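The lines below spell out each chain.
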Amino acid sequence: MAAVSVAQAQLDAALLGATGQAEKEQLILQHLRKLDGRETDLKVPEFDEGLEWVNTEEPLLLHEDLCGKVVVLDFFTYCCINCMHLLPDLHALEQEHSDKDGLVVVGVHSAKFPNETILKNIQSAVLRYNITHPVVNDADAKLWQKLEVTCWPTLVILGPRGNMLFTLIGEGHREQLFSFISMTLKYYKEKEEIKDHGIKLKLYKDSLPPSSLLFPAKIAVDNATGRLAIADSGHHRILVTEKNGEVLHAVGGPKSGWKDGSIFEASFNSPQGVLMKDNIIYVADTENHAIRKIDLMTERVNTIAGTGVQGTDQEGGKTGVEQSISSPWDLAFGATGSTEDSLLYIAMAGTHQIWVIFLEDGKLPRGIECKKGTCIRFAGSGNEENRNNSYPHKAGFAQPSGLSVAPAERNSLFVADSESSTIRSVSLKDGAVKNLAGGERDPLNLFAFGDLDGIGINAKLQHPLGVAWNEKRGLLYVADSYNHKIKVIDLKTKQCTTLAGTGRASNIIGSNFNQATFNEPGGVCVGEHGNVLYVVDTNNHQVKVLDLEMQTISVLAITTMVTVDASKSAKPKNVSRLPKSAASVQMAPLVVSSGQMLQFCLKIDLPEGAELTEGAPSFWELLAEGHEWLFAGQKISGEIVDLVNIPEVFFVLPAEVQTNALLLTIDVCLYFCNKNNNNCQMKGISFKQPLQFSNTGQGAISKVNLSFSF
């Protein structure tokens, strides 16, 4: 590694002085010839036996399966924002050069936190970040140590003999990476050392069933109405629901994108933070590096900050889409003077800072005046550290990921600073940054984590992602994500204690807080006038509701949205036909208008003593025979795994309707057995729902109850 590092340093210095692409390519070729001219290759050792792999049919061998390939080893850890920033570059590289061309990317997951060594958590991260190349769990950091890697992310580029060629440390080397790979492939193809065999992949995401939520991130409540806004990050959308989970709007999804306009056409990319007030929702659109505004009254989405591309600016001061930003992760309302909610604080994880957008003219602490729309740094030097300071621009954060404001006499902004495993406070009067819980006094130590109740720095957290202030109780709630717990801080004593969770990643509701379990909860929000805590249980794909009065916990019943992706070219999966004996129920005609949302609520009762047959393909399917254009030529269907949580079928009628009347059919097929006599049956029911279109339709959601007893 040392010898390659010296040669790499010489190459890097030469590339800085190069005046054109042709000269750069010649320098890269000279570097390759120099390394190839050595008597012996600087080879990477073989992957150890017994390592856990994701996205492959079986473990890969570097000097067998990957022989004849140019290999990029991506050393990463899934909590690291810099590692996340590198993934689009790797994805684009894989789009340009396939394994048949001779390129293979292998993610080497070398964990920072103990929680990140667990295979299931790595699998969740692979799914969350849409990683489609092989990933190996370097849980004991053996390969990390053998190759003398020192930081995340690091790319080690190998030749077709497993010979080390280049290293790239950190993010922001896209042009250099592409040049290295293209010239290396060209060089070794001319030497006839590149092989075109494929790598046997088995993507983890293909083995998972669909779910109503996919890695939800944050949640917000509109105190006036009790309605909720949920960042359904894995589905790239924002859900607006009633407090019972009934979906009112789904904005964005199912694929990622960056598009303003109608709420029926707008798109997002892994949104995280959300805020909601008076039919306005602000969104931290994380992987679009933008702040978006959803107006439910006008049904429009627009961008109020960010260019759609990751920025490096650490000062700000521009307005709207002229200001580039980097991986915004959470949002909180603030005030300028007496004007309530006239500021929008941003946890800018990508630059390790706190920024602010002025929703009205105003000024920051220490008299900085700004015009409406200005997006500017509020606190944080931009250095990744755990540094508290009376001067906000000299303080240091480490991937701030959660925000909450305590108004009135507290006048503080609370920050979940994930990579330092601390909770910090920022004075909204003078910007002073102080420690509340976790971490230690050394500002450069970002490894002071654990799971320990205590006061101040004697308490230990592990990568917290969310905070929520409860004004009624005078308490601050914390999503202690990698400890799989919800903790609470008493600001009077700085005592940090466990409220709920056992510390074990699981999904047990439990009869009380002590028995309940979570899996990397990413967000918390206070509702019901301080009596309820909503917890976004990210890796369990759920929102859980903690009743702070009764000390009980439940799951928010999110209804399933049927989404249609007209650009999808794959053929729909064949769904079993209903049995010939299927019953048919004709519903009364329903008057609707174009653009209206329909909700069909299924309730099926089986004979006494009967249960669904586990593993059998019970299903529902939505059809419109003769009017297939309604679904863009696709079948819309889903599985039924139990009768308690039967999916509620949603469908938004197109803005332009090609007929005055049509017939929707919802087919339901159930496989069930009588547990007393083991008699098993397959039964079907077909609900016929005529629709009549009217220009005077209300346009609101129409709910239809479909009930049947076998």
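Throughout what follows, the structure given in this document is the object of discussion. Note that the coordinates shown come from a computational prediction; the quantities given were computed from them, not determined experimentally. (Residues numbered from 1 in each chain as written. Predicted model: local features only at pLDDT ≥ 70, side-chain atom pairs only at ≥ 80, totals over all residues. Heavy atoms only, no water.)

## Some thoughts on the state of the cysteines
All told, the structure shown has zero disulfides when counted by the stated rule. Lacking any disulfide linkage, Cys 669 is separated from the closest cysteine sulfur, that of Cys 673, by 13 Å. Here Cys 669 falls in the buried class, since its relative accessible area comes to 0%. (Disulfide = S-S within 2.5 Å. Buried < 20%, exposed > 50% of the residue type's maximum accessible area, 1.4 Å probe, protein only.)

## Remarks on the packing of aromatic side chains
Counted according to the given criterion, the structure contains twelve aromatic pairs. Residues Tyr 282 and Phe 333 carry aromatic rings whose centres are separated by 6.0 Å and whose planes lie at 85° to one another, so their mutual orientation is edge-to-face. Of this pair, Tyr 282 sits in strand 13 (residues 280-285) while Phe 333 sits in strand 17 (residues 328-336); the two residues are 51 residues apart in sequence, bridging distant segments of the chain. Here Tyr 282 and Phe 333 have matching classes, each one buried. Ring plane angle 40° and centroid distance 5.7 Å describe the contact between Phe 414 and Trp 469, whose orientation is recorded as tilted. Here the residue Phe 414 occupies a position in strand 24 (residues 412-417), and Trp 469 occupies one in strand 28 (residues 466-470), the gap between them amounting to 55 residues. (Phe/Tyr/Trp six-rings, centres within 6.5 Å; stacked < 30°, edge-to-face > 60°. Helix = DSSP H or I, 4+ residues; strand = E, 2+ residues; numbered from the N terminus.)

## Digging into the pattern of salt bridges
Overall, the coordinates contain 26 salt bridges when judged by the stated rule. Measuring nitrogen to oxygen at the nearest pair gives 2.9 Å for the salt bridge that ties Arg 292 to Asp 260. Residue Arg 292 is located in strand 14 (residues 290-295), and its partner Asp 260 is located in the loop between strand 10 (247-252) and strand 11 (261-262); the two are separated by 32 residues in the primary sequence. Of the residues examined, Arg 292 reaches a relative accessible area of 0% and is grouped as buried. Judged by its relative accessible area of 33%, Asp 260 falls in the partly exposed class. Taken together, the salt bridges that share partners define one network made up of Asp 36, Asp 41, Arg 161, Lys 191 and Glu 193. (Salt bridge = Lys/Arg side-chain N within 4 Å of Asp/Glu carboxyl O.)

## Comments concerning the environment of Val 136
Relative to the helices and strands, Val 136 is located in strand 4 (residues 135-137). Here the alpha-carbon distance between Val 136 and Ser 110, two residues 26 residues apart in the chain, equals 8.9 Å. Apart from residues no more than four positions distant in its own chain, Val 136 is found in contact with Leu 51, Glu 52, Trp 53, Val 106, Gly 107, Val 108 and His 109. (Contact = heavy atoms within 4.5 Å.)

All we've got here are geometric facts, nothing functional implied.
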